[in-house]
Amino acid sequence: MAKRPAKIDRLREMGLLNLRPGRVRAPWFEATGFFDANDLLQVKYEMLRHARQDGVTKAEAAELFGMSRPTFYQAEAAFGQAGLAGLLPRPRGPKSAHKLTPEVMSLIHDHHREGAPIQAPTLAHLVQQRLGITVHPRSIERALARKKKR
């Protein structure tokens, strides 16, 4: 039993902890052993398998495993595309200043005056007018601050 908290901690770290394990009503998850209602990956896989192999409807499978129908369809599409790896969580949103391409930064640097206060809203408006790209003023401020640090 000492391994149980460690597994839950690891599932939480990986983004695979089922936040509603009590909603899983599949009988094979109720008995302790191999199936773990805390393991979101296992729950989603078993939900898909149950619908495909055991002939229940998608809505019935989703309800039995404590999931919504949209979650079922998302899991089904992800599994169909990438197999089991498709059920793993992905980081959300962009993790870098992806709109600040070299072309955008060149325009910003050409119009930013050193020593003057950063006019990020003005620069954002200029980028929108000239390049048709919407960039948040705060993204420009961060990019210019990163340049100063170098």
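Residues numbered from 1 in each chain as written. Predicted model: local features only at pLDDT ≥ 70, side-chain atom pairs only at ≥ 80, totals over all residues. Heavy atoms only, no water.

(A) Highlighting the overall build of the protein chain. Counting its regular elements, the protein chain contains eight helices and zero strands. In the protein chain, the succession of helices and strands from N to C terminus is α-α-α-α-α-α-α-α. In summary, the protein chain has a C-alpha radius of gyration of 24 Å against a globular reference of 15 Å for 150 residues, an excess of more than 25%. Seen through its principal axes, the protein chain has C-alpha atoms that stretch 70 × 40 × 20 Å. The 150 residues of the protein chain split such that 31% are buried. Excluding contacts between residues fewer than 6 apart, the proportion of contacts in the protein chain whose partners are at least 24 apart in sequence is 45%. For the protein chain, the exposed area adds up to about 10300 Å²; of that, 54% sits on carbon and sulfur atoms. Charged side chains in the protein chain number 26 positive and 14 negative. The centres of these two groups are separated by 7 Å. (Helix = DSSP H or I, 4+ residues; strand = E, 2+ residues; numbered from the N terminus. Rg over C-alpha atoms; globule rule 2.2 N^0.38 Å. Buried < 20%, exposed > 50% of the residue type's maximum accessible area, 1.4 Å probe, protein only. Contact = heavy atoms within 4.5 Å. Areas by Shrake-Rupley, 256 points an atom, 1.4 Å probe, with all protein chains shown as cover. Lys, Arg positive; Asp, Glu negative; His and termini not counted. Charge placed at Lys NZ, Arg CZ, Asp CG, Glu CD.)

(B) Spatial organisation of the nonpolar core. Among the nonpolar cores identified, the biggest contains 21 residues, and V24, F29, V43, M47, F65, M67 and F72 are the most heavily contacted of them. For this core, the secondary structure elements donating two or more residues are α3 (40–53), α4 (58–64) and α5 (69–82). Element by element, the count of residues in this core is highest for α3, at six residues. In contact with F29, not counting residues within four places along its chain, are V24, F35, D36, A37, Q42, V43, E46 and F65. One finds V104, I108, I140 and A143 within the second-largest nonpolar core, a separate group that totals 14 residues. (Core = buried A, V, L, I, M, F, W, Y, C linked by side-chain atoms within 4.5 Å.)

(C) Summary view of the packing of α3 against α5. Put simply, α3 and α5 touch, their axes get as near as 10 Å, and they point 90° apart. Between α3 and α5, the angle falls in the class roughly perpendicular. Mapping the contact onto sequence places K44, Y45, M47, L48 and A51 in α3 and T71, F72, A75, E76 and F79 in α5. For the contact of α3 with α5, the class distribution of residues is seven nonpolar, one polar and two charged. (Axes fitted to C-alpha atoms, helices over the stretch in contact; angles between N-to-C directions. Parallel < 35°, antiparallel > 145°, perpendicular 65-115°, else oblique. Nonpolar A, V, L, I, M, F, W, Y, C, P; charged D, E, K, R; others polar.)

(D) Fine view of the side chain of E46. Mapping E46 onto the fold places it in helix α3. Take E46: its relative accessible area is 7%, and that puts it in the buried class. Of note is the side chain of E46, whose polar atom sits 3.3 Å from the side chain of W28. When sequence neighbours within four positions are dropped, the list of residues in contact with E46 reads W28, F29, F35 and F65. (Polar contact = N/O pair within 3.5 Å; in protein donor to acceptor, adjacent residues only side chain to side chain.)

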